[in-house]
Amino acid sequence: MALSTPLLAVRGSEGIYMLNGPPTYTENTSFTRDDRRNCKGFTFSKDGSLFAWCNGENVNIVRTHDGQLLHSLDLPRVALLAFSPQSHILTTWQPYITSKNNPQGEPNLQIWDLKTGQCLKSFFQKKMQGWCPCWSDDESICARNVNNEVQFFEGNEFGKITNKLHLQKVSDFALSSGPQPCKVAVYVPGSKGAPSFVRLYQYPNFDGPASALANKSFFKADKVTMIWNKKGTAVLVIASTDVDKSGASYYGEQTLHYIASNGESALVQLPKNGPIYDVVWNPNSLEFCAVYGFMPAKATVFNHKCDPVFDFGTGPRNAVFYSPQGHILVLAGFGNLRGQMEVWDVKKYKQISKPQAADTTYFSWCPDGEHIVTATCSPRLRVSNGYKIWHYSGAVRHKVEVPSDSELWEVQWQPFVEGAFPEKAIKYQTVPNDVPSIDVKPAQAYRPPALRNKPVTSTKLHEEEPPQNMKPQATDKQLSKAALKNQKKREARKAAKQESKSEITQEAPSDQESRPVQYSEGHGDPEVDKKIKNIKKKLKAIEQLKEQEASGKQLEKNQLEKMQKEDALLKELEDLELGL
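Fair warning: this is a prediction, and the values are worked out from it, not measured in the lab.

Visitor: For this particular structure, what's the right way to read unusual backbone geometry?
Guide: Comment: phi is negative for the bulk of residues other than glycine, and the bulk of peptide bonds are trans. Of note, the amide linkage connecting Tyr203 to Pro204 takes the cis form, showing an omega dihedral of 5°. That bond from Ser378 to Pro379 is cis: its omega, 5°, falls within 30 degrees of zero. Although it is not a glycine, Asp359 sits at a positive phi angle of roughly 60°. Mapped onto the secondary structure, Asp359 falls in the loop between β30 (350-353) and β31 (362-365).

Visitor: Is there a simple way to explain helix α6 (residues 566-578) in this structure?
Guide: Structural remark: α-helix, 3.6 residues per turn; residues separated by three or four positions point the same way. Taking 1.5 Å per residue, 13 residues should reach 18 Å; α6 reaches 18 Å between its end C-alpha atoms and fits that length. If you check which residues of α6 are buried, you get Glu566, Leu569, Leu573 and Leu576. Viewed along the axis of α6, the buried residues span an arc of 90°, placing them on a single side of the element. The exposed residues of α6 that point more than 90 degrees off its buried face are Asp567 and Ala568. Contacts made by the buried residues of α6 are with α4 (526-550) and α5 (557-564).

Visitor: What is the right way to look at the nonpolar core in this model?
Guide: In a soluble, globular protein the nonpolar side chains are often hidden away together inside. Among the nonpolar cores identified, the biggest contains 18 residues, and Val150, Phe152, Leu165, Val184, Val186 and Tyr201 are the most heavily contacted of them. Within the residue set of this core, elements represented by two or more residues are β12 (141-146), β13 (149-154), β15 (172-175), β16 (183-188) and β17 (196-202). Examining the composition of this core, we find that three residues originate from one element, β16, more than from any other. Residues in contact with Val184, not counting those within four places in the same chain, are Phe152, Leu165, Phe173, Ala174, Leu175, Arg199, Leu200, Tyr201, Phe206 and Trp228.

Visitor: Would you mind going over the packing of α4 against α6 with me for this structure?
Guide: Packed helices, taken two at a time, are described by the angle their axes make and the gap between the axes. Interaxial distance between α4 and α6 falls to 10 Å at its minimum, and their mutual angle equals 150°. Considered as vectors, α4 and α6 are oriented roughly antiparallel to each other. Between α4 and α6 lies a crossing whose hand is left-handed. Residues Val528, Lys531, Ile532, Ile535, Lys536, Lys538, Leu539, Ile542, Glu543 and Lys546 of α4 lie in contact with α6, whose contacting residues are Glu566, Leu569, Leu570, Glu572, Leu573, Leu576 and Glu577. Taken together, the residues of the contact of α4 with α6 break down into nine nonpolar, no polar and eight charged.

Visitor: Can you help me understand the sheet that holds strand β27 (residues 319-322) in this one?
Guide: Backbone-to-backbone hydrogen bonds join strands into a sheet, with any given pair of strands oriented parallel or antiparallel. Taken in spatial order, the four strands of this open sheet run β27-β28-β29-β30, and their pairing is antiparallel. At either end of the open sheet lies a strand with only one pairing partner, and these are β27 and β30. Sheet twist, expressed as the mean angle between neighbouring strand axes with direction ignored, is 30°. Pairing of β27 with strand β28 (residues 328-332) involves four bridges; the strand directions are antiparallel. Bridge assignment links Ala319 to a residue of β28, and that residue is Ala332.

The rules behind the values
Residues numbered from 1 in each chain as written. Predicted model: local features only at pLDDT ≥ 70, side-chain atom pairs only at ≥ 80, totals over all residues. Heavy atoms only, no water. Helix = DSSP H or I, 4+ residues; strand = E, 2+ residues; numbered from the N terminus. Expected span 1.5 Å × (residues − 1). Buried < 20%, exposed > 50% of the residue type's maximum accessible area, 1.4 Å probe, protein only. Arc of directions from axis to C-beta. Contact = heavy atoms within 4.5 Å. Core = buried A, V, L, I, M, F, W, Y, C linked by side-chain atoms within 4.5 Å. Axes fitted to C-alpha atoms, helices over the stretch in contact; angles between N-to-C directions. Parallel < 35°, antiparallel > 145°, perpendicular 65-115°, else oblique. Left-handed = near helix turned anticlockwise from the far one by under 90°. Nonpolar A, V, L, I, M, F, W, Y, C, P; charged D, E, K, R; others polar. Pairing = 2+ DSSP bridges.

Purely geometric stuff here, so don't read any function into it on its own.
Written as structure tokens, this is what we have:
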């Protein structure tokens, strides 16, 4: 029987142990602590029923609820572990090594049957990147990328390759989650002036480009990250370049693309220039949140049509995390930022709390959807190692600080099956801390002696934008599709009439101006006519920029410079029309 509260597995220089989750926060006695100082990794099965770890001597697999040892595999060099979705298979990887006596090396990727404890198949997998095979949720399909082709196995029978998807220079692929039929997204990098592309296929229909469900091609891509939603209906593709040729960013250039299994695809329009730090699907598979733009970064929720739903404004953030139930969202600034977390109610788009977790290198939601863990781990940071368990209201419920002569390497919540923890009503009241808080005075900015006795003037490098709801007004929702279509047609006709009237008014000359206007329409000199036409086109573009600026849109530097040339363009137009 599964535990009612999730466990937290902790790995460090002192070994591995399990902590009971909220509300007790005591060490779990069913799991026997492993004190070996060379524990390289651990993992839970997808449903949390099994736990495996490698300690430099063996790979051990135990049942989580009672700690009973199921298998102990003699694999001292294993560094990485992974369970299949239905917990029938354990995959292990160890570094690939060759020697003079064995220049070919030994297969370093093993597939283990957890019922019998026997090795089903061994493969060569030299690179750590993409080491683990991918399964569909029901384990009917397993896939590996080998020599520019994706190989498929069925029913966990690894002796025979059932299907192959071969495209020239396939560098990455991703299987969809969710029910059958299973889809696969493949990425082929561009070469010799040809664009890169991502194609979606439905297994096992791989008969050329015509059989693809969707195709999206793009330039400026050295690598991609493909993120399927939970239902397997759409995939988000973050295309990245290693170098930004415009020089705007040291970290290269990124673009975000949306591809659906029904054939739709789009470039997601991000209003602010700069890197894309994080993109995450809501567990409901209908929305996704992106954090992007030069600091202070913007965060926006988009729907499945890539239309913005809610803009969180700007702030010091570079990561986003949805709760397992999808009802709470956390925007956070970790790494070289101060660790500020913004906790939001997704349905009301109302901020719940704004705690701060300095020096955080790891963040994860507890499966109950009410608690989170933040940790400072080595080797990312070798000082102040430890972890905290928080309530989403900002209260610290449990805190562990690792001694200065020890290191914390990893923490991980025990996962649970979907629906094990139903969504609960969000509480906006602050929950009291279970851990005494230490008030740390914020560091004061340096002030030269000449200014220390004078009043402090607040200066900001950037003005932060406030959050705003991007959903259409309620009146648009109440109209039917036909009524909304008719309303748009009427508005278009009205706008066209007003535009034609304004053109007639502008073209109708007064007696004093009649000659210049007539002369400007036909000078007889095609060069002069061409110059006048180009100037009018530039003036029209300036008018559009003015309208955008009036509506609150932030213009780029080159657009502002273009607006400053309006007077000079008007003077030039007047001279040309007068024939000067």
